[in-house]
Amino acid sequence: MPKEPSALPTIKVSPRGTTRLKEGHVWVYRSDIVSADGATPGSLVCVSDHRGKLLGTAFYSSSSQIAIRMISPDLVTDFPALLRQRIAAAIAYRESLVRNTDAYRVIFSEADFLPGLIVDRYADIFSLQILTQGMDADPVRQTLLSELTTRLQPTSVIERVDPRVRELEALPPRATGPLQGQKTATTFTMNDVQFRYDAQEGQKTGAFLDQRENYAATAQYARGDALDVFCYQGGFALHLAPHCSHVTGVDSSRPALEVADQNAALNSREIEWIEANAFDLLKDYSSSDRRYDTIVLDPPAFAKSKRDLDAALRGYKELNLRALKMLRTGGTLITCSCSYHVSQSNFLEVLADAALDAHRTIRLIEVRGQAKDHPVLLNIPETAYLKCVIAYVS
Ligand code: SAH
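Overview of the structure.

Conventions we followed
- Residues numbered from 1 in each chain as written.
- Predicted model: local features only at pLDDT ≥ 70, side-chain atom pairs only at ≥ 80, totals over all residues.
- Heavy atoms only, no water.
- Buried < 20%, exposed > 50% of the residue type's maximum accessible area, 1.4 Å probe, protein only.
- Helix = DSSP H or I, 4+ residues; strand = E, 2+ residues; numbered from the N terminus.
- Pairing = 2+ DSSP bridges.
- Core = buried A, V, L, I, M, F, W, Y, C linked by side-chain atoms within 4.5 Å.
- Axes fitted to C-alpha atoms, helices over the stretch in contact; angles between N-to-C directions.
- Contact = heavy atoms within 4.5 Å.
- Salt bridge = Lys/Arg side-chain N within 4 Å of Asp/Glu carboxyl O.

Another aspect to go through is the pairing of strand β10 (residues 156-159). Burial of the side chains of β10 extends over both faces: Ser156 and Ile158 are buried on one face and Val157 and Glu159 on the other. As paired elements, strand β9 (residues 125-130) and β10 share four bridges and run parallel to each other. Looking across to β10, one finds that Leu128 is bridged to Glu159. As paired strands, β10 and strand β11 (residues 177-180) are joined by three bridges and run antiparallel to one another. Counterpart to Glu159 in the pairing with β11 is Gly177.

Structure, rendered in structure tokens:
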């Protein structure tokens, strides 16, 4: 039932919050809320400036520091209808831009104007993440499921629950599991490489779809002896294998390496997997005479918050310094950072420093970001997080 506009509670935001929204951002922090009378956890709210002028419609969270996430600059009275439109727009965007894969992000939260909602497609299995009180509501879930089913016909839809997120949003605990269908494992293909997928296991929603285009780019330059550090289930290593004489993947997670090995078999590739702490291994290898023609560094996010920035930069510097020392002249370094708090210029500065210390020259071949199905909205800087630099090292 559409609600009358007057039925929505109104939230007033401070001049600072108003400026942020006028600049195109969609978040208002709790400290910029002037009044929130009648707003219940996860409710749809009307947002106004401190004088009462309408700024749009948002979801309210009673517990997150991000108190409101805008869903429209207009008054929205029928959210399910808006949700259906937004899903259609998100699918149309992917249909026009995503190529050579049956695994991609269908909905990317703020970047698709659906804050708090992530949907990833792995062939016939869809993985869903709900990150806010607003998106957790039953009518939202029902509309989402029916729209995805009608438009894309998944065999099953699995919800992946991050207990920490539910705690932060003061939502009751829930288990990871199927919302629709029974199938939880499948095989997907990207850039003609096949991967096993188990919707109930693994990190993120299962694979690192945001690197898909970087895998393909990397494959163009890879050759000789290759080392894929922080290889997880072998994303880079499997793309390197057809072009390299020998590929070694390193990760500290045994379960990830087990899947990596299955993936190698699935693609009839010989790859050596080493379970190790990458920092220790790079320290040993760089001080011995091990040399490579291609090295990939794709560590986990070192800066989870702004406070971690300095330590993160030191971590990136150490890894890159060691990798640079180990590359043969004319070798290729593929180095990534998925920390939002480390900007592209921070990252390039770290690389420049590492090159000076290693007495090597870096020529930038490509400075890349996340795959197109993880769109970056220019006015929402938080939507851009992945950096992938491909460099010629001499
Ligand atoms: N390159 C991968 C994604 C890497 S995610 C891909 O394209 O799919 C980061 C990986 O780093 C995870 O698999 C995690 O298990 C691993 N990891 C985290 N800390 C590590 C450490 N100290 N040494 C080695 N691996 C580590």
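The nonpolar side chains of a soluble globular protein tend to be buried, and buried together. Tyr122, Phe188, Leu240, Val247, Ile271 and Trp273 are the most contacted members of the largest nonpolar core, which has 35 residues in total. Counting residues per element, the ones that place at least two in this core are β12 (185-190), β13 (193-198), α6 (212-221), α7 (235-240), α8 (254-266), β18 (327-337) and β20 (387-393). With four residues, α7 is the largest single contributor of residues to this core. Core analysis: the next-biggest nonpolar cluster, separate from the first, contains 29 residues, Ile71, Ile91, Leu117 and Leu128 among them.

Let's shift gears to the sheet that holds strand β7 (residues 103-108). Spatially, five strands are ordered β7-β8-β9-β10-β11 in an open sheet, and the strand pairing comes out mixed. Pairing within the sheet leaves two strands with one partner each, and these edge strands are β7 and β11. Ignoring strand direction, the axes of neighbouring strands in this sheet form an average angle of 25°. The sheet strands contacting helix α4 (residues 138-152) are β7, β8 (117-122), β9, β10 and β11, and the helix crosses β9 at an angle near 155°.

To continue, consider the pattern of salt bridges. All told, the structure shown has 20 salt bridges when counted by the stated rule. Measuring nitrogen to oxygen at the nearest pair gives 3.0 Å for the salt bridge that ties Glu110 to Arg69. Placement of the pair is Glu110 in the loop between β7 and β8 and Arg69 in strand β6 (residues 66-72), with a sequence separation of 41 residues. Here the two residues Glu110 and Arg69 agree in accessibility, since each one is buried. The salt bridge involving Arg254 is made with Glu275; its shortest N-O contact spans 2.5 Å. Within this pair, whereas Arg254 is found in helix α8, its partner Glu275 is found in strand β16 (residues 272-275), the two being separated by 21 residues in sequence. Residue classification places Arg254 among the partly exposed residues on the basis of a relative accessible area of 42%. Taken together, the salt bridges that share partners define one network made up of Asp136, Arg141, Glu159, Arg166 and Arg174.

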